[in-house]
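Here's the letter readout for the chains.
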Amino acid sequence: MGRTKKQIKAEITTPFMANETLAAKYGFAVGASFDAEFSLVSLENILFEIMALALFIHELFFDQHTKEVNERLANEKAGTKPWYRTMALRFQYGFDLVPDKDYFDNGTATAEQIENSKIIKYAAVNEAQDSSRVILKIAGETDGVLTDFDDPAQVEAIESYINEIRVAGVEVTIINYKADRLYLNLRIKRDPLVLSADGLSKLDGNYPVNEALQEFMKELDFNGELRLSALVDKLQLVPGVLDATLLSASSSWIDPALDGYGVPQPIFISKIAESGYFEIVTFDNIAYVV
């Protein structure tokens, strides 16, 4: 990690102040503090500030380059979790792999056709706790909303692709579920000058609490941790909301044994969606009080 600008300047000015010849020329004691001897507007200070800033920016570039190289190495190393995620996002529906390779033959396809064929927009990878198995969660997107893949042809192609590129001997379980259903029971203390009894904005005619909740879900990383405290913090920033209390939260997800959603389970503190993403079922459980 690169040095701070303050550290760089200190490393430059320390030998300057320790130089006996310069001390005799400027009239300061050897080893004295640079800041005590030179004002902010002095030529010497300005020159050192410019040098420190230039070196600081230079080291920032090196840090960013190192980060990008490390990320690329992690994503390109076959068999790692980042590699499986990268490969899932590279899937192209309707295209075939180059023989004996793990990339697609795009032939004369246009850039638009290639981009449209990349139907997997979100992916996350975990390892099973009970076996040597990779768990790959995927999702698509329709009109900005995360969706599962319910077209049998797409599902078949995705499964065939993952089976083709997976590391030999490693089982990959693909999680392609509809969104986990999220049930919220909220009590909002409202400013009656701003919000009506049902949460309607008296100025704009919208429902800002509902919109803040939807925005929060969009900001949540795919397969990211839903933290209830962060959700409440989001609501506290809504104009017209004086206070927000989360009375209860629960979620349900697809249970393969039931071939449908299971019974909602309470959420305490935080939760990662089984499907990788949540969908708020209703806003009817928001009570507005004064």
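Structure: see above.
The rules we used
- Residues numbered from 1 in each chain as written.
- Predicted model: local features only at pLDDT ≥ 70, side-chain atom pairs only at ≥ 80, totals over all residues.
- Heavy atoms only, no water.
- Patch = residues over 30% accessible without salt bridge, like charges linked within 9 Å, V, L, I, M, F, W, Y side chains within 5 Å.
- Areas by Shrake-Rupley, 256 points an atom, 1.4 Å probe, with all protein chains shown as cover.
- Salt bridge = Lys/Arg side-chain N within 4 Å of Asp/Glu carboxyl O.
- Helix = DSSP H or I, 4+ residues; strand = E, 2+ residues; numbered from the N terminus.
- Buried < 20%, exposed > 50% of the residue type's maximum accessible area, 1.4 Å probe, protein only.
- Axes fitted to C-alpha atoms, helices over the stretch in contact; angles between N-to-C directions.
- Parallel < 35°, antiparallel > 145°, perpendicular 65-115°, else oblique.
- Left-handed = near helix turned anticlockwise from the far one by under 90°.
- Contact = heavy atoms within 4.5 Å.
- Nonpolar A, V, L, I, M, F, W, Y, C, P; charged D, E, K, R; others polar.
- Lys, Arg positive; Asp, Glu negative; His and termini not counted.
- Charge placed at Lys NZ, Arg CZ, Asp CG, Glu CD.

Peer 1: Lay out a nonpolar patch on the surface in plain terms, naming residues and giving numbers.
Peer 2: A surface patch of nonpolar side chains, amounting to about 290 Å² of accessible area, comprises Leu53, Ile57 and Phe61. Along the chain, phenylalanine 61 turns up in helix H4 (residues 43-76). When its relative accessible area of 58% is taken as the criterion, phenylalanine 61 is described as exposed.

Peer 1: Pulling in residues and values, what's your account of the packing of helix H8 (residues 208-219) against helix H9 (residues 228-236)?
Peer 2: H9 packs onto H8 with a crossing angle of 135 degrees between their chain directions and a minimal axis gap of 9 Å. The orientation of H8 with respect to H9, classified from their angle, is oblique. Seen along the crossing, H8 lies across H9 with a hand that is right-handed. The residues of H9 that touch H8, namely those facing Val209, Ala212, Leu213, Glu215, Phe216 and Glu219, are Ala230, Leu231, Lys234 and Leu235. Per-class residue counts for the contact of H8 with H9 are 7 nonpolar, no polar and 3 charged.

Peer 1: Go over the pattern of salt bridges, please, and point to the residues and values.
Peer 2: Under the definition given, this model contains 8 salt bridges. Residue glutamate 11 is joined to arginine 3 by a salt bridge in which the shortest nitrogen-to-oxygen separation is 2.5 Å. Under the relative-accessibility criterion, glutamate 11 is labelled partly exposed at 47%. Judged by relative accessible area, which is 27%, arginine 3 ranks as partly exposed. For lysine 234, the salt bridge goes to glutamate 219, with nearest N and O atoms at 3.1 Å. Taken together, the residues span a long stretch of sequence, with lysine 234 in helix H9 and glutamate 219 in helix H8 at a distance of 15 residues. When salt bridges with common partners are traced through the structure, they connect Arg3, Glu11 and Glu59 into a single cluster.

Peer 1: Which residues make up the environment of aspartate 130, and what values go with them?
Peer 2: Position of aspartate 130 among the secondary structure elements: in the loop between strand E1 (122-127) and strand E2 (133-142). Assessed through its relative accessible area of 66%, aspartate 130 is described here as exposed. On a C-alpha basis, the gap between aspartate 130 and glutamate 159 in space is 22 Å, while along the polypeptide they are 29 residues apart.

Peer 1: If you had to explain a negative patch on the surface to someone new, which residues and values would you point to?
Peer 2: Together, Asp96, Asp100, Asp105 and Glu164 line one region of the surface with negative charge. Tracing the backbone shows aspartate 105 in the loop between helix H5 (81-89) and helix H6 (111-117). Judged by its relative accessible area of 48%, aspartate 105 is partly exposed.

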